[in-house]
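Read off the chains here:
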Amino acid sequence: EGPSVDMDNVIRSLDGDGDGTARCDIGAFEFVPAPDGPLLAVSVSELAFYTFRGALDSSDQRFWVSNAGSELLHWSIQPDAACPWLYLDTDSGAVHPGRTDQIRVRVSSADMEVGDYTCALTITSDGVLDELITVIVRLYITEPLHVPEQFPTIQAAIDAVQYGGAVIVAPG
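Nothing here was measured: the structure is a model prediction, and the numbers come from that model.

(A) Up close: the overall build of the protein. For the protein, the helix and strand inventory stands at one helix and 11 strands. Secondary structure elements of the protein, listed N to C terminal, follow the sequence β-β-β-β-β-β-β-β-β-β-α-β. Looking at the protein residue by residue over its 172 residues, the buried ones come to 31%. For the protein, the accessible surface area stands at approximately 10,100 Å², while carbon and sulfur atoms represent 52% of it.

The following block contains the structure:
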């Protein structure tokens, strides 16, 4: 897998063959001539955050909205209404042909229970294809497992921990 953007900060991985998967297409689909008008492209289809219950806010993650067309692109992002834990640094913009806008995504797990949460970001534009692209944001909140308070052995805690979780071993 190559870099996500080139030296001009233009998205490298695009869905060049229209199969719904953005990737480096070295070959027949590498060159896609710009269509007449704006064309929306997004650098990711999913973001995942892992945190612990009661932890401070997680680090930001980023994705890029790009214009693969030949005219100015106006775009906007609408998160699901049931996602009060998700924050975007911007929710709309305009991108010139061949350029990108960076979107920073942050989550806050304050006052949330252990569990898995999902939010869909719907990105729309005035592109020639009247595009609607969805980026899924997943938030996994776990609780650290403690040895020996909760589990008698380190191996028992490791066997029980969820992906992104942690095992804390007491001194001694």
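Right, picking up where we left off after that structure.
(B) Fine view of the pattern of salt bridges. In this structure the tally under the stated criterion is three salt bridges. Between Glu143 and Arg53 there is a salt bridge, and its shortest N-O distance comes to 2.9 Å. Here the residue Glu143 occupies a position in the loop between strand S9 (132–142) and strand S10 (145–147), and Arg53 occupies one in the loop between strand S2 (46–52) and strand S3 (61–67), the gap between them amounting to 90 residues. One salt-bridge network, in which partners are shared between bridges, spans Arg53, Glu113 and Glu143.

(C) Inspection of the pairing of strand S8 (residues 115–125) at higher detail. By the bridge criterion, five bridges tie strand S4 (residues 73–79) to S8 in an arrangement that is antiparallel. Looking at the pairing, Gln78 lines up with Thr122 of S8. Taken together, the 10 bridges between S8 and S9 define a ladder with antiparallel strand orientation. When the sheet's bridge partners are listed, Asp116 is paired in S9 with Tyr140.

(D) Region of the structure containing the sheet that holds strand S6 (residues 92–95). A sheet is described by the order of its strands in space; here five strands give the open sequence S2-S9-S8-S4-S6, paired in mixed fashion. Both edges of this open sheet fall to S2 and S6, since each of them pairs with a single strand only. Each strand of the sheet is rotated relative to its neighbour by a mean of 20°, with strand direction disregarded.

(E) Focus on the packing of aromatic side chains. Counted under the stated rule, the structure contains three aromatic pairs. Here the aromatic rings of Tyr50 and Tyr140 are separated by 4.9 Å at their centres, their planes lie at 15°, and the arrangement is stacked. On the criterion of sequence distance, the pair formed by Tyr50 in strand S2 and Tyr140 in strand S9 is long-range, its members being 90 residues apart. Here the aromatic cluster, defined as three or more aromatic residues joined through ring pairs, consists of Tyr50, Tyr140 and Tyr163. It is Arg106 that lies over the ring of Tyr87; its NZ or CZ is 4.4 Å from the centre.

(F) Here's a closer look at the sheet that holds strand S7 (residues 100–107). The strand order S1-S3-S7-S5 describes an open sheet built from four strands, whose pairing is antiparallel. Of all the strands in the sheet, the pair left with one neighbour each is strand S1 (40–42) and strand S5 (86–88). For this sheet, the mean angle separating the axes of adjacent strands, direction not counted, is 25°. The pairing of S5 with S7 spans three bridges and is classified as antiparallel. When the bridges of S7 are listed, Tyr87 appears paired with Arg106.

How each quantity is defined
Residues numbered from 1 in each chain as written. Predicted model: local features only at pLDDT ≥ 70, side-chain atom pairs only at ≥ 80, totals over all residues. Heavy atoms only, no water. Helix = DSSP H or I, 4+ residues; strand = E, 2+ residues; numbered from the N terminus. Buried < 20%, exposed > 50% of the residue type's maximum accessible area, 1.4 Å probe, protein only. Areas by Shrake-Rupley, 256 points an atom, 1.4 Å probe, with all protein chains shown as cover. Salt bridge = Lys/Arg side-chain N within 4 Å of Asp/Glu carboxyl O. Pairing = 2+ DSSP bridges. Axes fitted to C-alpha atoms, helices over the stretch in contact; angles between N-to-C directions. Phe/Tyr/Trp six-rings, centres within 6.5 Å; stacked < 30°, edge-to-face > 60°. Lys NZ or Arg CZ within 6 Å of the ring centre and 35° of its normal.

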